[in-house]
Amino acid sequence: MEWLSLFKHYSVLTIKERFQYKLNAILVSLAVFLREGATIAVIYFMLLRFGSINGWEMYELLFLYSYIFFTYGLFILFFTGLRDFEGLVRIGSFDRYLLRPRGLIFQIIVAKVDWFAAIGHGSLGLLLFLYSAFQVNVSWSAINITYCALAIIGGVLIQAAIFLLMASLSFTFISVSNLRQILYWNTRKFAGYPISIFHASIKILLIYIVPFAFVNYFPSQFLLHKTDMAEFPALYMYIAPAVGFALFGLAMLYWRYSLQFYKSTGN
Amino acid sequence: MDTVIECSALKKEFKINKRPKGFLGHMANLIVPKFEYKQAVSDISFRINRGDAVGFIGANGAGKSTTIKMLTGILAPTEGSITALGVHPQKDRKQYVAKIGAVFGQKSQLSWDLPVLDSFYLLQKIYQIPDQQFNQTLEQFTDILDMSGFIEQPVRQLSLGQRMRADIAASLLHKPELVFFDEPTIGLDVVAKEKIREFVRYLNREMQVTVIFTTHDMQDIEQVCQRLIIIDKGRKLYDGTVEGIKSTFGNEKKLIVQFESPACVYSIPGVSQKLKPNHVIEFSFSSDQVAVKDLVQALLAEHAVLDISITEQGIEQIIREIYEKGI
């Protein structure tokens, strides 16, 4: 548990660092909350007009959507360093990580634990999740709760795997922000809706290429049993939580392999 | 003697995307990228013993930073092998870096917005330094590096000299046996440089820490290091004592003589003359061809001499010539 104490130590430091600029620190959480809240408000009002999409009622859609927010909130808490990794490579400060006797991924994670952004994203996600979870028709049995918790961890890991892959690519390409914009952020926009409404190409994208479907769609289907699940293999619902663990493991292997390409810029 | 670093036939190649000029060339490059290989280090071998203080010099782009980065395990050599402190720097990274320290003059490891002490406490955690040892080391460094005045200030408020001292302390808290200093005196004033040299000397002589030091300031080398390695175009040009470089390359001497009246000195084999104002003649010669004593005697015997001074080539000058001409 020694690493936990180091994690705590780093957390305190990053919070202290943020509080050097007090106003900014408070505004970060608020800004994130408002920005994401606005997105949800748009969806909410749109749904009020349409009533349902492909058999999904409003609360079910919000439930589906809340996974994205909630997992991203958790992701941001632990993996901000991974998201911003290319910056470390570009200015060469990854050198310092290599010079310290700790695991590299561990250092990347703990050095940039972002409580403020996580509170902004996470609180919204949690609120939305809890709010919709009791409106939808799900019996919260022990099995369902366990599945849901594992699916959330899996969802966090899927996103972490995507960012770890980007981080590995940044050893070769230095700047990967546009690739990330295309692969992650643009794909994420589709993931807010039941994927059954999309063209086959988008379905392939969301299931096999940037597997957001395993972050929210398949886990929601396990709990909600909507009829549109019929067009996908039922197996996907059961393996959804495991996908994240598997992908993160693969991304770790690729990361190890890519390390040798690190060029270390500047003097 | 106890070997600390042994490296042989080190080579580091960087793959560089060669971008042709013009829009079409740019587009073509996107589809079929052309690469060229640039050798930063071509062939470098040496051995460093425990307790050595080795100066690493070379012009910008000579390959010294790349070499240091390979020695610290940051970069993987393209070819060649390194054994340092008995291990492979990259394969046994954690084990290796726990025993080394690295100071980069151009890259601070301190948190910009936090007091210096906070960074130190974090390093204590990272390196798992026992409280007692940590406090003792910290007290010692605060004293020698004169840090008590600013140790509780955020790093962003420190002067460059203060920041550098704090950075040095940060890299040494875990008592490494081998320390790399990569241009630690860059941009500092004379006094600040002197403090740093003094500290490195102390570290090397009193605490038996092996030191590898890169710099562009020859005074750093003369005051800190016994051994000098010169790197140029990715190859080792010289490896030997600091004194040795003077006798190997710096045997040119100058004798500056002021005569009472305009003098005409017959040409002497191996000696070149340069006429200066005020009846001064500058004689340049190589000390292994012409003995100073003979030259002075010859001059005094035939001319009325007011003043004589002799200069040796400084190390700075020698290095400049090596950078410009090669050996």
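These figures come from a predicted structure and were not determined experimentally.

A.B. asks: I keep staring at the overall build of chain A and nothing clicks. Help me out?
C.D. replies: Tallying secondary structure elements over chain A gives twelve helices and two strands in all. Sequence-ordered secondary structure for chain A, helices as α and strands as β, is α-α-β-β-α-α-α-α-α-α-α-α-α-α. On C-alpha atoms alone, chain A measures out to a radius of gyration of 19 Å, which is about the 18 Å that the 2.2 N^0.38 rule sets for 267 residues. Overall, the C-alpha framework of chain A stretches about 60 × 40 × 35 Å when taken along its three principal axes. In chain A, which comprises 267 residues, the proportion classed as buried is 53%. For chain A, the computed accessible surface area is about 12,100 Å², with 70% contributed by carbon and sulfur atoms.

A.B. asks: Would you mind going over the nonpolar core with me for this structure?
C.D. replies: Soluble globular proteins: nonpolar side chains tend toward being buried together. Phe94, Phe218 and Trp255 of chain A together with Ile5, Phe120 and Phe180 of chain B are the most contacted members of the largest nonpolar core, which has 178 residues in total. Built from parts of two domains, this core gets at least three residues from each of domain 1 (3-247) and domain 2 (251-325) of chain B.

A.B. asks: I keep staring at the interface of chain B and chain A and nothing clicks. Help me out?
C.D. replies: Much of the literature gives interface size as the accessible area that the parts lose upon coming together. Across the contact, 31 residues belong to chain B and 29 residues belong to chain A. Both sides of the chain B and chain A interface together cover about 2,900 Å² of buried area, and 54% of this is carbon and sulfur. Between the two partners, chain B and chain A, sit two salt bridges. Residue Lys16 of chain A is joined to Asp118 of chain B by a salt bridge in which the shortest nitrogen-to-oxygen separation is 2.5 Å.

A.B. asks: How do you make sense of helix 2 (residues 64-71) of chain B when you look at a structure like this?
C.D. replies: Note that an α-helix has 3.6 residues per turn; residues three or four places apart therefore point the same way. Residues and elements named next belong to chain B. Burial analysis of helix 2 places eight of its eight residues in the buried class, the great majority of the element. For helix 2, every residue scored as buried is listed here: Lys64, Ser65, Thr66, Thr67, Ile68, Lys69, Met70 and Leu71. Looking one or two places after helix 2, you find Gly73, whose phi comes out positive at around 90°.

A.B. asks: Help me understand the confidence of the model for chain B in this model?
C.D. replies: If pLDDT is low for a region, its predicted coordinates should not be looked at in detail. Summarising the model, chain B shows a mean pLDDT of 88, and 98% of its residues fall at 70 or more. What the predictor reports for the complex is a pTM of 0.83 with an ipTM of 0.82.

A.B. asks: Would you mind showing me how to read the pattern of salt bridges here?
C.D. replies: Two side chains of opposite charge can pair, provided their charged atoms sit close to one another. Per the stated rule, a full pass over the model turns up 26 salt bridges over all chains. Across the pair Lys107 of chain B and Asp95 of chain A runs a salt bridge, and its minimum N-O distance is 3.4 Å. Of the two residues, Lys107 of chain B is situated in the loop between strand 5 (100-104) and helix 4 (116-127) and Asp95 of chain A in helix 5 (residues 94-98); the pairing between them involves two chains. Residue Lys107 of chain B shares its accessibility class with Asp95 of chain A, and that shared class is buried. Measuring nitrogen to oxygen at the nearest pair gives 3.3 Å for the salt bridge that ties Glu194 of chain B to Arg197 of chain B. Remark: Arg197 of chain B and Glu194 of chain B occur in helix 7 (residues 190-205); sequence separation between them is three residues, near one turn of the helix. Here Glu194 of chain B falls in the partly exposed class, since its relative accessible area comes to 27%. By relative accessible area, Arg197 of chain B is classed as buried at 3%.

A.B. asks: Help me out: how do you make sense of the domain arrangement of chain B in this one?
C.D. replies: Residue and element names in this part refer to chain B. Domain boundaries in chain B define domain 1 (3-247) and domain 2 (251-325). Contacts between domain 1 and domain 2 engage twelve residues on the former and seven residues on the latter. Buried area between domain 1 and domain 2, both sides added, is near 920 Å², and the carbon and sulfur share of it is 73%. Of all residues in domain 1, Met218, Ile245 and Lys246 give up the largest surface area on contact with domain 2, accounting jointly for 47% of the area buried on that side. Scanning the region where domain 1 abuts domain 2 turns up zero salt bridges. Our count for the contact surface shared by domain 1 and domain 2 stands at zero residue pairs in polar contact (both at pLDDT 80 or more). Elements with a minimum of two residues in the side of domain 1 that touches domain 2: helix 8 (218-224), strand 8 (227-232) and helix 9 (242-249). When residues of the side of domain 1 that touches domain 2 are assigned to their parent elements, the largest contribution, four residues, is made by helix 9. Of the residues belonging to the side of domain 1 that touches domain 2, the class tally is eight nonpolar, two polar and two charged.

A.B. asks: Can you help me understand a nonpolar patch on the surface in this one?
C.D. replies: All names here are of chain B. A contiguous nonpolar patch, built from Phe23, Leu24, Met27, Leu30, Ile31 and Val32 and spanning about 720 Å² of accessible area, is present on the exposed surface. When you line up the elements, Leu24 lands in helix 1 (residues 22-31). Owing to a relative accessible area of 70%, Leu24 belongs among the exposed residues under this scheme.

A.B. asks: Before we go on, may I ask you to explain empty space enclosed by the protein in this structure?
C.D. replies: Once rolled over the atoms, a probe with the size of a water molecule shows which space is left empty. In the structure shown here, the tally under the stated rule is two cavities of 30 Å³ or more. There is about 60 Å³ of room inside the largest cavity. Along the walls of the largest cavity sit Arg96 and Leu99 of chain A together with Val97, Ile100, Gly101, Ala102, Gln109, Leu123, Tyr127, Ala170, Ser171 and His174 of chain B, which together make up its complete lining. Those elements giving two or more residues to the lining of the largest cavity turn out to be strand 5, helix 4 and helix 6 (160-172) of chain B. In terms of residues, the lining of the largest cavity owes the most to one element, strand 5 of chain B, which gives three residues.

A.B. asks: So what exactly am I meant to see when it comes to the packing of helix 2 (residues 22-50) of chain A against helix 7 (residues 115-133) of chain A here?
C.D. replies: For any two helices packed against each other, the geometry comes down to the angle between their axes and how far apart the axes lie. All names here are of chain A. Two elements in contact, helix 2 and helix 7, have axes whose closest approach is 7 Å; the angle formed by their N-to-C orientations is 35°. For the element pair helix 2 and helix 7, the recorded crossing hand is right-handed. Here helix 2 contributes Ala25, Val28, Ser29, Val32, Phe33, Arg35, Glu36, Gly37 and Ile40 to the contact with helix 7, which in turn contributes Phe116, Ala117, Ile119, Gly120, His121, Ser123, Leu124, Leu127 and Leu128. Split into classes, the residues belonging to the contact of helix 2 with helix 7 amount to eleven nonpolar, five polar and two charged.

A.B. asks: Looking at this structure, how should I read helix 12 (residues 235-258) of chain A?
C.D. replies: All names here are of chain A. If you check helix 12, its first and last C-alpha atoms are 33 Å apart, about what 24 residues at 1.5 Å a residue would give, namely 34 Å. Of all the bends found along helix 12, the most pronounced is centred on Pro241 and spans about 50°. Where helix 12 is concerned, the buried positions are Tyr236, Met237, Ala240, Pro241, Val243, Gly244, Phe248, Ala251, Trp255 and Ser258.

Each value, and the rule that gives it
Residues numbered from 1 in each chain as written. Chains lettered and ligands numbered in written order. Predicted model: local features only at pLDDT ≥ 70, side-chain atom pairs only at ≥ 80, totals over all residues. Heavy atoms only, no water. Helix = DSSP H or I, 4+ residues; strand = E, 2+ residues; numbered from the N terminus. Rg over C-alpha atoms; globule rule 2.2 N^0.38 Å. Buried < 20%, exposed > 50% of the residue type's maximum accessible area, 1.4 Å probe, protein only. Areas by Shrake-Rupley, 256 points an atom, 1.4 Å probe, with all protein chains shown as cover. Core = buried A, V, L, I, M, F, W, Y, C linked by side-chain atoms within 4.5 Å. Domains from an automatic or database assignment. Contact = heavy atoms within 4.5 Å. Buried area = accessible area lost by both parts, 1.4 Å probe. Salt bridge = Lys/Arg side-chain N within 4 Å of Asp/Glu carboxyl O. pLDDT = per-residue confidence, 0-100. Polar contact = N/O pair within 3.5 Å; in protein donor to acceptor, adjacent residues only side chain to side chain. Nonpolar A, V, L, I, M, F, W, Y, C, P; charged D, E, K, R; others polar. Patch = residues over 30% accessible without salt bridge, like charges linked within 9 Å, V, L, I, M, F, W, Y side chains within 5 Å. 1 Å grid on protein atoms, 1.4 Å probe; cavity = no way out; pocket = protein on both sides within 12 Å on 5 of 7 lines; lining within 4 Å. Points joined across faces, edges and corners; volume = space filled by probe spheres on them. Axes fitted to C-alpha atoms, helices over the stretch in contact; angles between N-to-C directions. Left-handed = near helix turned anticlockwise from the far one by under 90°. Expected span 1.5 Å × (residues − 1). Bend = angle between axes of the 7 residues up to and from the residue.

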